[in-house]
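Chain by chain, the residues:
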Amino acid sequence: MSEASPAADAALDAANLSDHEYDGIQEYDNPTPGWWHLIFFLTIIFSVFYWFWYAGTAPGKSVHEKYEEEVTAYYEMLFADVGTLEPDEPTILRVMHDPDLAQFRPVAQAIFTSKCAACHGATGAGGTGPNMTDDSYLNVSSLTEIATVIREGAATGAMPPWEGRLHPNQITLLAGYVASLRGTNVPGKSPEGEVPAPWPEWAGPEDAGAP
Ligand code: HEC
């Protein structure tokens, strides 16, 4: 509107005033401009193509997939120096006792918190799953069987299998972490199952890997 023609402005105002009034305020018909509509409809058309591109084409684009990729890359970097941690007794004992692997304990704890605590409790004292801080086990009579249960699951999936969903090293680290919870006796779910023989002693760094 220009200041040059107040009369023209007033005429326009009168023409555009609608009959609708509320609280003494009269509605003015001021439609959004054509270019605005054009952009609005273009975004709708764009969204259709974007949806097909995002949801329908090659994987790896969703926030969730990107996150998984980055987590995997992080663990590969973390494990680059240690090689494969086999899920055997000497390695699980090393995970539990070897100061060289102590840096991985918080890693195992973090995985436990994010993947296992929902059923086993943040402290391992049980929930849907059994208490892992007492001396009794349902499916486990040796250290390696802890890793086996984590890999393959138990009770037809009540304990889910983690093979393929966790890095093999993560499974071995978790086995060591879970094993080290034994006997910490955090109050929680009552003991279930049998009491296996105590875990073997760690022979120390020199003998690591020896039977
Ligand atoms: C959806 C719930 C659920 C989740 C998640 C879960 N577990 Fe379990 N877990 C169970 C149940 C239930 C059992 C007991 C199975 C049975 O009754 O034999 C179990 C058993 C176990 C056992 C054997 C204990 C025993 O007494 O024999 C281990 C070890 C174990 N889980 C470790 C883990 C680890 C490590 C994780 C995380 C990577 C995990 N679980 C995640 C439900 C779960």
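Predicted model, so just to flag it, every value in this text is computed and none were measured. (Residues numbered from 1 in each chain as written. Predicted model: local features only at pLDDT ≥ 70, side-chain atom pairs only at ≥ 80, totals over all residues. Heavy atoms only, no water.)

Q: Whenever I open this one, the overall build of the chain confuses me. Can you help?
A: Counting its secondary structure elements, the chain contains seven helices and two strands. Helices and strands appear in the chain in the N-to-C order α-β-β-α-α-α-α-α-α. For the chain, the C-alpha radius of gyration of 32 Å lies well beyond 17 Å, the compact-globule estimate for 211 residues. Referenced to the eigenvectors of the C-alpha coordinate spread, the extents of the chain come out at roughly 100 × 40 × 35 Å. Counting every position in the chain, which comprises 211 residues, the buried fraction comes to 28%. Counting only contacts in the chain whose residues sit at least 6 apart along the sequence, the fraction spanning at least 24 positions is 63%. Of the roughly 13,800 Å² of accessible surface on the chain, 60% is carried by carbon and sulfur atoms. Charged side chains of the chain number 9 positive and 29 negative; the gap between the two group centres comes to 12 Å. (Helix = DSSP H or I, 4+ residues; strand = E, 2+ residues; numbered from the N terminus. Rg over C-alpha atoms; globule rule 2.2 N^0.38 Å. Buried < 20%, exposed > 50% of the residue type's maximum accessible area, 1.4 Å probe, protein only. Contact = heavy atoms within 4.5 Å. Areas by Shrake-Rupley, 256 points an atom, 1.4 Å probe, with all protein chains shown as cover. Lys, Arg positive; Asp, Glu negative; His and termini not counted. Charge placed at Lys NZ, Arg CZ, Asp CG, Glu CD.)

Q: Is there a simple way to explain the packing of helix α4 (residues 89–97) against helix α6 (residues 143–152) in this structure?
A: For any two helices packed against each other, the geometry comes down to the angle between their axes and how far apart the axes lie. Closest axis-to-axis distance for the α4/α6 pair is 8 Å, and the angle between their directions is 90°. When the interaxial angle is binned, α4 and α6 end up roughly perpendicular. Contact residues: Glu89, Ile92, Leu93 and Met96 in α4; Leu143, Thr144 and Ala147 in α6. (Axes fitted to C-alpha atoms, helices over the stretch in contact; angles between N-to-C directions. Parallel < 35°, antiparallel > 145°, perpendicular 65-115°, else oblique.)

Q: I would appreciate a short explanation of the site of the ligand in the present structure.
A: The environment of the ligand is formed by 21 residues, the closest being Cys116, Cys119, His120, Asn139 and Met159. Within the contact set of the ligand, a nitrogen atom lies 2.8 Å away from a side-chain nitrogen or oxygen of His120. In the environment of the ligand, an oxygen atom lies 2.6 Å from a nitrogen or oxygen atom belonging to the backbone of Asn139. Judged by the proximity of its atoms to the pocket grid, the ligand belongs to the largest pocket. (Near = heavy atom within 4 Å. Polar contact = N/O pair within 3.5 Å; in protein donor to acceptor, adjacent residues only side chain to side chain. 1 Å grid on protein atoms, 1.4 Å probe; cavity = no way out; pocket = protein on both sides within 12 Å on 5 of 7 lines; lining within 4 Å. Sits in = over half its atoms within 2 Å of the grid points.)

Q: Just checking my understanding: could you explain a nonpolar patch on the surface for this structure?
A: On the surface, Leu38, Leu42, Ile45, Val48, Phe49, Trp51 and Phe52 cluster together to form a nonpolar patch covering roughly 790 Å² of accessible area. Structurally, Ile45 can be placed in helix α2 (residues 34–56). (Patch = residues over 30% accessible without salt bridge, like charges linked within 9 Å, V, L, I, M, F, W, Y side chains within 5 Å. Salt bridge = Lys/Arg side-chain N within 4 Å of Asp/Glu carboxyl O.)

Q: Can you help me understand the domain arrangement of the chain in this one?
A: How large an interface is tends to be reported as the accessible area lost when its parts come together. Here the domain parsing of the chain yields domain 1 (6–56) and domain 2 (63–207). Each of domain 1 and domain 2 has a C-alpha centre, and these two points are 60 Å apart. (Domains from an automatic or database assignment.)

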